[in-house]
Amino acid sequence: MSFPSILRRKPKTVQFAGGRVELAASAGDGQHVREFSGIAYTGGAMRPSGFAVDTYVDLTGAKAAPGKRPIHRDHDPGRVIGHSEAIEIGSAVIAVEGRISGSNDATAEILASADRGFPWKLSIGAKIDRIEHVQAGRNATVNGRKVTGPAAIIRACTVYEISFVSLAGDDATSAVINANQGTEMSFEQWLQASGWDTTALSDQQTQQLHATYQREQQHTPTAGPLNAGGSVAIGDRQTDTDTERQLQVEGICSAYGYPTIEVNGQTVALHDHAMRANLNANQVQLLAVRASRPKSSPSIHTGRHAGAGSSTRDLAAAAVLVAMEADGVAEKEFGERTTQQARDMRCRNVGDVAMRLCAHLGFGGVGVSASEAVTHLQAASSTYSIPATLSNAAEKMLERDYIERPPAYTQFAAIKTATNFKENTGIRVTDTGQFEEVGADGELKHGGVDEKTFAWSVDQYGKTTAMSRKDWINDDLGALRTLIEAHGRAGRRAVNDLVWRVIYAAKAANWFSTANLNYVQGASTALGIESLAAAIQAMRERRDDEGNDLDIEPALLVVGPKNEQNAKALLQSDYIQALAAGDSTAIEQRVTGNPLKETLRHIVEQRISNTVKFTGNAPENWFLFGRASDLPMVVGFLDAVKTPRVKFYDVDHTPDKLAVQIKAYFDYGAAMADQKPTYMSKGKA
C-alpha cells in the first residue's frame, strides 16, 4: 500500500490536501468484509470541540498507535465500524486503509448510506502529548503552512482511532467506500476528480499517486469520489459516570464562553441548566451551538464568547480577579462582559482557574484534574500559563489601586518615564529664559540653559517569596490576594521612603537655605497664620536672575502628624480669632474671616516625624510646594510602570524546592528638580 506523502492541490479545488475513501461491495453471501481507504487529515486548520481557535496537528510530530486501530462512528467506542489495516502519516496527510468489520446498526447505516452516495468524512482521534499556542499577531509554521495566531498547534500526538463522521472541521479529508457499481476512471480522470494539479506534480508524487490509483482500482469504484470533509476529535473519552459527564459539560460551556439560554421564559446559564436537567454532552453541545448564533429575537441571549469581545488572556486574568473578590478591578480593566463571563466560570482557587482555562483552550482534552491542569499550563506558552495569568491579574490589581489611590508624592512631584537605567537630564522650567521681541529682520535671539539642568535616574528594587505547591493548588486565592496587596503596599511605601530621603538629603546639601530664599527657622516659624502667609508670599515673589516673575502658584502644604490639626484649622476654618496673651476674654484683633481658607491643599506625611528612619527631620517641619508642573521634584519609573511587577514561577523554577516562587520587582527613582517652587520651615527654634 502506498500513500502520497508530499501533496500539492489546486487552490480552487480544495483548501487543503485530501483524498478519497472507498468501500468494497458485499459478496452475495453477505460474508465478504468490505474495505475502505481514505485521507483522515490533510494538515490544515480545524476547530475541534474544546478549542476556541484554529487548531493544527503537526504531522512531523504525529504517530499512529501500534497494531490495528479501531474505526468508530463519531468517536464512540460503543459503535465500532471496523478496523484499520494500515495508517500512514506522511508530511502532508494522514491516510488510512481498513476493513468494515463491524456488525451493528451503525455499520449497517454506514454501508447503506455510502451505497446511496452519502459523502462520509473521516476524523482522527488522538492523544495530545505536546501543544503550542500561537499568540494573536504572531506567526508559526506547521505542515509547510504559515499560521498567524491566535491558533493552537498540536506538536506531538498519538493517533489511536479513526472515525466516520457526517460533519467535520477539515473539509479537505474524505472517505471512499468500494462498491460494485459505476464505471472505471482513467488515472488522469482520477487525478482531476481528486483535485490534483497534474502540471505541478513531480515524478515522485505522480508515482505515489499512481500506486494509490491502482490500489483503488483493484476494487470497482463508485461513479465518482464522495466529496467529504474531516475533523479531529482530540482526547475524546466516553464514560457513563456522572463525573465525566460534568467535566464534558464544563469543557463545552467553557469553549463557548459559558452562554445563556432561555428556559421556560427565564434566561439561565447553560452550564447550570445542563447540571440540573442532567443533559449529556451531545445535548449541551447542540444548545451551545444554538446560543452562539446571532439571534434576531431578544429573548435568547448569545453567550459571551472569548473570541467575541475578550481575549483568552484577559478572561483568565478576570477569572482570577473575580475569585479574589476584586470584581471592581476586573470590570474597570476588562469590561462588564468579560467580568460576567469570568463570574460564570465560578473559580475558587488556582486549580479551578487551571481547569477552566484548560477546558477553554483545549489543553489535554476535557476532564483533566486540578493538578493535571496546572501541569498542562506550566508547559504551555507563557501567555496562557497559570503563572502568567496570576502575574497579569496581580499587576492589574496594583495598577488600579495606584489610579484610584494615587500616592501622596504625585501631588507635588512630576512623574517621569525612563527607558533604561542611565542618567537622564531635565531642564528647570523656571530657568528657561525670557521671550524677546522679534525685530523687523525676523531673527530670533539665541538663549541657553547654562547650569539650569538637573539629573535623575531610576534603579531596580525587589524581593522574592515562595508558596508551597500544596498551598498553591488548594488556596482559595485569599492568601494570594493578601500577598499581592502586601507587595503593592510595600512598593508604595518604598517610593515614598525614597522621596523623603531625597528631600532631607537635599536639606543637608543646602537645597533649602536662607540664601536660596526657601528656608526659615526660629520660634516664629511654627505653623501658623503669619508663618504660612509669609511662605505663600515668598513663593509668589520668586523671580529669575533677570528679575522676571516666575508666576509660581503655591499649591500644597505638607505637614507631619504633629501639625495635622493645625493645618486643617488654618485651611478649612471659617474664622480665626487671636486673644491677647494671658487674657482669655480680651480681643487682641478681630478677624471677620480666615484669609487662608482653601488657599492651599494639604497632606499629612508621617515620615516628617519618623526621626528613627530618616535623618535631619523633625515633627515640627512643614513644607510648601508649587504645582507638580513647576517641577519641585521628579519621580521616575522604568517604562511608565508605576507599581511593582509581581511574577509567579512554577515549581520547576527552583530545582531543590517543591514551591512556587513569587518575585516582586520595581524600577523607580527620585530627584529634586527646581528650588524655586519649594519651601521648608523648620517650625521651631
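Residues numbered from 1 in each chain as written. Predicted model: local features only at pLDDT ≥ 70, side-chain atom pairs only at ≥ 80, totals over all residues. Heavy atoms only, no water.

Participant: In this structure, what is going on with the packing of helix 7 (residues 312-323) against helix 8 (residues 327-334)? I would like to understand it.
Facilitator: Between two packed helices, both the angle of their axes relative to each other and the distance between the axes serve to describe the pair. The N-to-C vectors of helix 7 and helix 8 enclose an angle of 160°; their axes lie 8 Å apart at closest approach. The angle between helix 7 and helix 8 places the two elements in the roughly antiparallel class. Between helix 7 and helix 8 lies a crossing of right-handed hand. Here Asp-314, Ala-317, Ala-318, Leu-321 and Val-322 of helix 7 come into contact with helix 8, specifically with Asp-327, Val-329, Ala-330 and Phe-334. Taken together, the residues of the contact of helix 7 with helix 8 break down into seven nonpolar, no polar and two charged. (Axes fitted to C-alpha atoms, helices over the stretch in contact; angles between N-to-C directions. Helix = DSSP H or I, 4+ residues; strand = E, 2+ residues; numbered from the N terminus. Parallel < 35°, antiparallel > 145°, perpendicular 65-115°, else oblique. Left-handed = near helix turned anticlockwise from the far one by under 90°. Contact = heavy atoms within 4.5 Å. Nonpolar A, V, L, I, M, F, W, Y, C, P; charged D, E, K, R; others polar.)

Participant: Could you clarify how one ought to interpret unusual backbone geometry in this entry?
Facilitator: A negative phi angle characterises most non-glycine residues, just as the trans form characterises most peptide bonds. With omega at 10°, the peptide bond leading from Gly-149 into Pro-150 counts as cis. Its place among the elements puts Pro-150 in the loop between strand 9 (145-148) and strand 10 (151-165). Unlike most non-glycine residues, Asn-510 shows phi in positive territory, near 65°. One can find Asn-510 in the loop between helix 14 (478-508) and strand 19 (519-520). Of note in this structure, Asp-639 is not a glycine but carries a positive phi near 55°. With respect to the helices and strands, Asp-639 occurs in the loop between strand 25 (633-638) and strand 26 (645-649). Using a relative accessible area of 46% as the deciding quantity, one classes Asp-639 as partly exposed. (Buried < 20%, exposed > 50% of the residue type's maximum accessible area, 1.4 Å probe, protein only.)

Participant: Explain the packing of aromatic side chains here, please?
Facilitator: Each aromatic ring pair is specified by the distance between its two centres and by the angle formed by the two planes. For the structure on display, the rule yields 13 aromatic pairs. On the basis of an interplanar angle of 80° and a centroid distance of 6.4 Å, the ring pair of Trp-120 and Phe-164 is categorised as edge-to-face. Placement of Trp-120 in the loop between helix 1 (105-115) and strand 7 (121-134) and of Phe-164 in strand 10 is noted, with a sequence separation of 44 residues between them. Here Trp-120 and Phe-164 have matching classes, each one buried. Geometrically, the ring pair formed by Phe-412 and Trp-500 is edge-to-face, given 6.2 Å between the ring centres and 65° between the ring planes. Here Phe-412 is found in the loop between helix 12 (386-404) and strand 15 (413-418), whereas its partner Trp-500 is found in helix 14, with 88 residues between them in sequence. In this structure, Phe-412 and Trp-500 share a single accessibility class: buried. An aromatic cluster of at least three residues, connected via ring pairs, comprises Phe-412, Trp-500, Tyr-504, Phe-512, Phe-623 and Phe-625. (Phe/Tyr/Trp six-rings, centres within 6.5 Å; stacked < 30°, edge-to-face > 60°.)

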